[in-house]
Amino acid sequence: MISYSAVSTVKGRATDLKTVPGPILLLGAPGVGKGTQAKELVKLWGIPQISTGDLLRANVAQGTPLGCTAKEIMARGELVPDSLVEEMAEHRLQQPDTANGYILDGFPRTLGQAEWLDGRLASEALPLVAVSIQVDYNQLLRRITGRRNCPACQAIYNVYVNPPKQDGFCDVDGAALVQRTDDTEEVFRERMRAYEALTAPVVEHYRAQGRFAEVNGDRPIGEIAAGIVAAVEQLRR
Ligand code: AP5
Ligand code: MG
């Protein structure tokens, strides 16, 4: 399992963060570790993770009209239309738990979504800070094909590098782990195509705005979390 020694170090520093975290954006390719890192930051800062992928999967599971539209698009590894994702994000951003900040995971991922978000945040006290996580292609493929998720508590495992204590079952609640239907090599390739074509320009958009940092994602989870916290502290000064 994960070594939390680095996160413990982060914990000491996170409590020293003088300002509220505010809106934080995690950028990076499919499987880079956005969800894993967002969960670490939630523990440290007590602000919510807003994952549009998780929200869409919940809509698919509940059979909502949005879920019915999104299901096939997600299964192909393509992106759901901006207007639908923005409406869903708006609803989530209006929840009171976002008052001190939130961690955006998987949104925005087109320039249209980024412009929508910029407009929405223009009147807020704290600007967005963006952190891009970098991992090479072969490592991403291994992370995607080895990923297993807990359907009850959303914990994320990996059969190769971060396995549960008991094969196939969540350490936290014992639920049987599941594999996402889009976590195949074929769909991953399409998701990477969508990332390169539509989301890589979003990374450049936020790099150009400043308040942007890059972290190496090919390290232990706790070390990456420490790197993200250090970057956010620096950008908030
Ligand atoms: P989404 O759910 O956002 O998928 P994604 O961007 O492809 O990202 P992933 O969730 O696959 O990866 P991750 O970076 O969160 O990695 P994780 O932490 O799990 O989107 C799914 C679909 O929904 C899209 O394809 C699209 O159709 C639609 N969608 C969502 N948002 C949208 C939007 N805004 N607009 C339009 N459409 C949208 O980690 C991966 C694995 O690596 C795990 O097994 C983990 O244990 C392991 N791992 C993590 N960190 C490490 C480490 N440091 N070392 C070793 N292993 C690690
Ligand atoms: Mg994710």
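Residues numbered from 1 in each chain as written. Chains lettered and ligands numbered in written order. Predicted model: local features only at pLDDT ≥ 70, side-chain atom pairs only at ≥ 80, totals over all residues. Heavy atoms only, no water.

### Re the site of ligand 1
This is how the line gets drawn: Each residue is tested against the molecule or strand, and it is near if at least one of its non-hydrogen atoms lies within 4 Å. Accessibility throughout is a Shrake-Rupley quantity obtained with a 1.4 Å probe, and a residue counts as covered only by protein chains that appear here. To qualify as a helix, a DSSP run of H or I must reach at least 4 residues; to qualify as a strand, a run of E must reach at least 2; elements of each kind are numbered from the N terminus. Residues are sorted three ways: Asp, Glu, Lys and Arg are charged, Ala, Val, Leu, Ile, Met, Phe, Trp, Tyr, Cys and Pro are nonpolar, and all the rest, Gly among them, are polar.
Looking at ligand 1, there are 36 residues lining it, with Thr36, Glu78, Arg147, Tyr157 and Arg191 nearest. When the free accessible area of ligand 1 is taken as 1,000 Å², the share hidden by the protein chains comes to 96%. Secondary structure elements with two or more residues in the shell around ligand 1: α2 (34-45), α3 (52-62), α7 (137-146), β6 (156-158) and α9 (221-236). For the shell around ligand 1, the leading source of residues is α3, giving four residues. Grouping the amino acids of the shell around ligand 1 by side-chain chemistry returns 15 nonpolar, eleven polar and ten charged.

### Quick notes on a nonpolar patch on the surface
Going by this rule: Residues form patches when they are more than 30% accessible in relative terms and have no salt bridge. Like charges link within 9 Å. Nonpolar side chains (Val, Leu, Ile, Met, Phe, Trp, Tyr) link within 5 Å. Any carboxyl oxygen of Asp or Glu within 4 Å of a side-chain nitrogen of Lys or Arg constitutes a salt bridge here.
Side chains of Val159, Tyr160 and Val161 sit close together on the surface and give an oily, nonpolar patch of about 270 Å² of accessible area. Among the secondary structure elements, Val159 is positioned in the loop between β6 and α8 (185-209).

### Things to note about the state of the cysteines
Joining two cysteines, a disulfide is a covalent bond between their sulfur atoms. Selection criterion: Count a disulfide wherever a pair of cysteine sulfur atoms falls within 2.5 Å. Each residue is placed in one exposure class: buried if its accessible area under a 1.4 Å probe, protein chains only, is under 20% of its type's maximum, exposed if it is over 50%, and partly exposed if it falls in between.
The final tally for this structure, using the stated rule, is zero disulfides. No disulfide involves Cys153; its sulfur sits 3.7 Å from the nearest other cysteine sulfur, which is in Cys170. In this structure Cys153 comes out as partly exposed when scored by relative accessible area, which is 32%. Cysteine Cys170 remains unbridged, with the sulfur of Cys150 as its closest cysteine sulfur at 3.7 Å. Cys170 gets classed as buried once you look at its relative accessible area, which sits at 5%.

### So, the sheet that holds strand β7 (residues 212-216)
Rule in force here: At least two bridges found by DSSP between two strands are what make those strands a pair. Only the stretch in contact is used when a helix axis is fitted, and all axes are lines through C-alpha atoms; the angle between N-to-C directions ranges over 0 to 180 degrees.
In space, the five strands of this open sheet follow the order β2-β3-β1-β4-β7, with parallel pairing throughout. Each end of this open sheet is capped by a strand with a single partner; those strands are β2 (49-51) and β7. If you compare each strand with its neighbour and ignore which way they point, the axes differ by 25° on average.

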